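# Breakdown of the fold
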Amino acid sequence: MEATFKIWETSRNIYLKFFDNYSLEQLNTIPAGMSNNLIWNLGHVVVSQQKLVYALSGLPMHIPDSLFEKYQNGSRPDGKTTQAEVDEIKKLLSEMVEKTKADFEAGVFKEYHPYQTKTGFHLGTWKEAMEFNNYHEGIHLGIMMSIKKFL
């Protein structure tokens, strides 16, 4: 799991740089021809990790329900994310890495409810969920790199 966590930490550090390089207006901008914006992608990776890793392990998620509803799979951004919400997402991006690592080391993850993703991946274990999470976050990083070309 050491490599999986290292990849995830690196990914999250790349995500955190978006907060330093883009204004609230830019984070909220949905470029023409795109269906989402930078902040939606950032919020989405936070809530997706929580669902894939915690909820499907039968554990409570460590995010507010309102955040989950706004950024879950199938949701769409409204372009009105506040600075307070941006700050919360930024905080969760880094905090959840440390929380998940600590929970793993403490043996919190004991069961996993198998899950079939919309893209056809079958996740049968917690380890598979973490590995898929890295793949999923890579997809969204690619989308964000496309979005930033229009800002």
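Residues numbered from 1 in each chain as written. Predicted model: local features only at pLDDT ≥ 70, side-chain atom pairs only at ≥ 80, totals over all residues. Heavy atoms only, no water.

Named according to an unreviewed UniProt entry, the protein chain is DinB family protein originating from Flavobacterium celericrescens.

## A short note on the side chain of Asn 134
Structurally, Asn 134 is set in helix H6 (residues 126-148). Apart from the residues lying within four places of it in its own chain, the contact partners of Asn 134 are Thr 4, Ile 7 and Trp 8. (Helix = DSSP H or I, 4+ residues; strand = E, 2+ residues; numbered from the N terminus. Contact = heavy atoms within 4.5 Å.)

## Overview of the environment of Tyr 115
By the element assignment, Tyr 115 lies in strand E1 (residues 115-116). Of the residues examined, Tyr 115 reaches a relative accessible area of 22% and is grouped as partly exposed. In the structure, Tyr 115 is positioned 17 residues away from Phe 132 in sequence and 11 Å away in space, judged by C-alpha atoms. Residues within four places of Tyr 115 in sequence aside, it is in contact with Lys 51, Leu 52, Leu 56, Phe 121, His 122 and Leu 123. (Buried < 20%, exposed > 50% of the residue type's maximum accessible area, 1.4 Å probe, protein only.)

## A closer look at the nonpolar core
Membership of the largest hydrophobic core comes to 25 residues, with the highest contact counts inside it found for Phe 19, Leu 27, Ile 39, Leu 42, Ile 89 and Leu 93. Among the elements that make up this core, the one with the highest residue count is helix H3 (residues 38-54) (7 residues). In this structure, Ile 89 is in contact with Phe 19, Ile 39, Leu 42, Gly 43, Val 46, Leu 67 and Tyr 71, ignoring residues within four places of it in sequence. Ranked by size, the runner-up nonpolar core spans 14 residues in total, among them Phe 5, Leu 52, Val 53 and Leu 56. (Core = buried A, V, L, I, M, F, W, Y, C linked by side-chain atoms within 4.5 Å.)

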